[in-house]
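One letter stands for each residue in the lines below.
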Amino acid sequence: MQDSGTETREMRTDGGGEAPGAACVRERLTALAEPAYGDFMAKLLPTLARKELLGIRTPVLRRFAAELWSEDRVAAEAFLGELPHHFFEENMLHGFLIDRLRDYEETLEALDRYLPFLRCWAESDSLVPKLFRKHREELYESGRIQDWLQSENVYSKRFGMNVLMSCYLGEHFRAEMPEQVLFSLNKFYRDRSIRCEEPPQERSDDYYLRMMTAWYFATAMAKQEAAALPYLESRLLDPWTHNKTIQKCIESFRVDGERKRYLRTLRIAKSAAQTARGANG
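Fair warning: this is a prediction, and the values are worked out from it, not measured in the lab. (Residues numbered from 1 in each chain as written. Predicted model: local features only at pLDDT ≥ 70, side-chain atom pairs only at ≥ 80, totals over all residues. Heavy atoms only, no water.)

**Quick look at the environment of Val-181**
Rule in force here: Helix numbering and strand numbering both begin at the N terminus, where a helix is a DSSP run of H or I of at least 4 residues and a strand a DSSP run of E of at least 2.
Counting through the fold element by element, Val-181 comes out in helix 12 (residues 177–192). Here the alpha-carbon distance between Val-181 and Lys-157, two residues 24 residues apart in the chain, equals 8.9 Å.

**Observations regarding helix 14 (residues 225–233)**
For the record, the criterion: The classification of residues rests on relative accessible area computed with a 1.4 Å probe and restricted to protein chains. Under 20% of the type maximum is buried, over 50% is exposed, and intermediate values are partly exposed. In this description, one arc is meant: the one made by directions from the helix axis to the C-beta atoms. Residues are treated as being in contact if the distance between any of their heavy atoms lies within 4.5 Å.
Of the positions making up helix 14, those classed as buried are Ala-228, Leu-229, Tyr-231 and Leu-232. Angularly, the buried residues of helix 14 cover 155 degrees about the axis, an arc narrow enough to put them on a single face. Each element contacted by the buried residues of helix 14 is listed here: helix 12, helix 13 (205–223), helix 15 (239–251) and helix 16 (257–264).

**As for the pattern of salt bridges**
For clarity, the threshold we go by: Just to be clear on terms, a salt bridge is a Lys or Arg side-chain nitrogen sitting within 4 Å of an Asp or Glu carboxyl oxygen.
Tallying each qualifying case throughout the model produces 16 salt bridges. Between Asp-206 and Arg-210 there is a salt bridge, with the nearest N and O atoms lying 2.8 Å from each other. Here the residue Asp-206 and the residue Arg-210 both occupy positions in helix 13, the gap between them amounting to four residues, near one helical turn. Accessibility assignment for this pair places Asp-206 and Arg-210 in one class, buried. Residues joined by salt bridges that share partners form a network here, namely Glu-52, Arg-119 and Glu-123.

**A word on the environment of Arg-203**
Mapped onto the elements of the fold, Arg-203 is located in the loop between helix 12 and helix 13. Under the relative-accessibility criterion, Arg-203 is labelled partly exposed at 37%. When the C-alpha positions of Arg-203 and Pro-46 are compared, they lie 6.6 Å apart, and in sequence the two are 157 residues distant. Leaving out residues up to four positions away in the same chain, Arg-203 has contacts with Lys-43, Leu-44, Pro-46, Thr-47 and Tyr-208.

**Some details on the nonpolar core**
The test is simple: Among buried residues, those of type Ala, Val, Leu, Ile, Met, Phe, Trp, Tyr and Cys that are joined through side-chain atoms within 4.5 Å constitute a nonpolar core.
Counting residues in each nonpolar core, the largest one holds 84 residues, and the members touching the most others are Phe-132, Trp-148 and Tyr-216. Ranked by the residues each element gives to this core, the list is headed by helix 13, at 10 residues. Beyond its immediate chain neighbours, meaning those up to four positions away, Tyr-216 contacts Met-161, Leu-164, Met-165, Leu-169, Phe-173, Met-177, Pro-178 and Val-181.

**Observations regarding the packing of helix 14 against helix 16**
This is how it is decided: Lines fitted to C-alpha atoms define the axes, with helix axes restricted to the stretch in contact, and inter-axis angles between N-to-C directions lie between 0 and 180 degrees. Convention used here: angles under 35 degrees read as roughly parallel, angles over 145 as roughly antiparallel, angles from 65 to 115 as roughly perpendicular, and any remaining angle as oblique. Note on convention: the crossing is left-handed when the near helix lies turned anticlockwise from the far helix by less than a right angle, right-handed when the turn is clockwise. In the scheme used here, Gly and all other residues not listed as nonpolar or charged are polar, with Ala, Val, Leu, Ile, Met, Phe, Trp, Tyr, Cys and Pro taken as nonpolar and Asp, Glu, Lys and Arg as charged.
For the pair helix 14 and helix 16, the least separation of the axes is 11 Å and the interaxial angle reads 25 degrees. Compared by their axis directions, helix 14 and helix 16 come out roughly parallel. Here the hand of the crossing between helix 14 and helix 16 comes out right-handed. Residues Glu-225, Leu-229, Leu-232 and Glu-233 of helix 14 pack against Arg-259, Tyr-262 and Leu-263 of helix 16. Of the residues that constitute the contact of helix 14 with helix 16, the class distribution is four nonpolar, no polar and three charged.

**Focus: the packing of aromatic side chains**
The test is simple: Think of it this way: a Phe, Tyr or Trp ring, Trp meaning its six-membered ring, pairs with another when their centres are within 6.5 Å, and the plane angle makes it stacked under 30 degrees, edge-to-face over 60, tilted otherwise. For a ring to carry a charge above it, either NZ of a lysine or CZ of an arginine must fall within 6 Å of the ring centroid while also lying within 35 degrees of the normal to the ring plane.
By the definition in use, this model includes nine aromatic pairs. Arranged with centres 6.0 Å apart and planes meeting at 20 degrees, the rings of Phe-132 and Trp-148 form a pair that is stacked. Within this pair, whereas Phe-132 is found in the loop between helix 8 (121–125) and helix 9 (136–142), its partner Trp-148 is found in helix 10 (residues 144–149), the two being separated by 16 residues in sequence. What makes Phe-132 buried here is its relative accessible area of 0%. Relative to Phe-159, the ring of Trp-148 has its centre 5.0 Å away and its plane inclined at 70 degrees; by these criteria the two rings are edge-to-face. On the criterion of sequence distance, the pair formed by Trp-148 in helix 10 and Phe-159 in helix 11 (residues 154–167) is long-range, its members being 11 residues apart. No difference in accessibility class separates Trp-148 from Phe-159, as the two residues are buried. One aromatic cluster in this structure is built from Phe-132, Trp-148 and Phe-159. Here the basic side chain of Arg-190 rests over the ring of Phe-183, its NZ or CZ set 5.4 Å away from the ring centre.

**Some points on helix 3 (residues 35–44)**
Restricting attention to buried positions, one finds in helix 3 the residues Tyr-37, Gly-38 and Met-41. Projection of helix 3 onto a plane perpendicular to its axis shows the buried side chains occupying an angular sector of 100 degrees, all on one side. The exposed residues of helix 3 that point more than 90 degrees off its buried face are Pro-35, Ala-36 and Lys-43. Buried residues in helix 3 make contact with helix 6 (88–98).

**Considerations on the confidence of the model for the protein chain**
What counts, and what does not: Per-residue confidence from the prediction method is given by pLDDT, with values spanning 0 to 100.
The share of residues in the protein chain with pLDDT of 70 or more is 89%, and the mean pLDDT across the chain is 91. Across residues 277–281 the pLDDT falls below 50, and counting only partners more than four positions away or on other chains, this stretch makes seven contacts in the model.

As structure tokens, then:
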């Protein structure tokens, strides 16, 4: 839940302390840290404070996850039971360990515990469990994706959109899925009292959710054009997300030249967007 953001930014203070295995994992992570790389990552993750970054490269984290899972399963499972984490790299490791689970129900339970504590786009985007590709129908029918899309945590919403984009734009696509993505974004606007006619503040929660929405619709244009194009032709997205979707389509090698030329004619000019803002007070 987004309101628990303060909790996720502090070390545990309930007096219970960490399980020994989880504490060992943190020590091993600290040994892998590169402070200069942490400085670099802080520029890419503006929703996190610098003190929440150790500075560990993603390939190193993935290798560590593999080693921990194969060599010390007890410590790995203890770490998965410790939430919330303090460091960004702990959350990333948590996601990589979830991806190593091979039981479908266990994976969903682990996600239920973890997703409310997502704090940035990288934590969200790094996790689409491979297991989902074997359970597409079951997962969709369970309503779990819709729960993620309606979450109070913006990065859980982004996770749900990413799952629909990564797993459901092929043969398992359903016509209602783009509407579910749009509904999730519009609910976010309502819940946060955001004027969607205005561009998002750079690198804000709003920015990262709109960017994922644009990414979803641009990918849908390449894979499910008949379903996605009406959202652009009817201007169902807010002006910034609409234009960002078209920009991503134009930059994509999966959209042909003729279609790119047509999409350019659908751009919303700044003057039109300003008129829309004026009409809405």
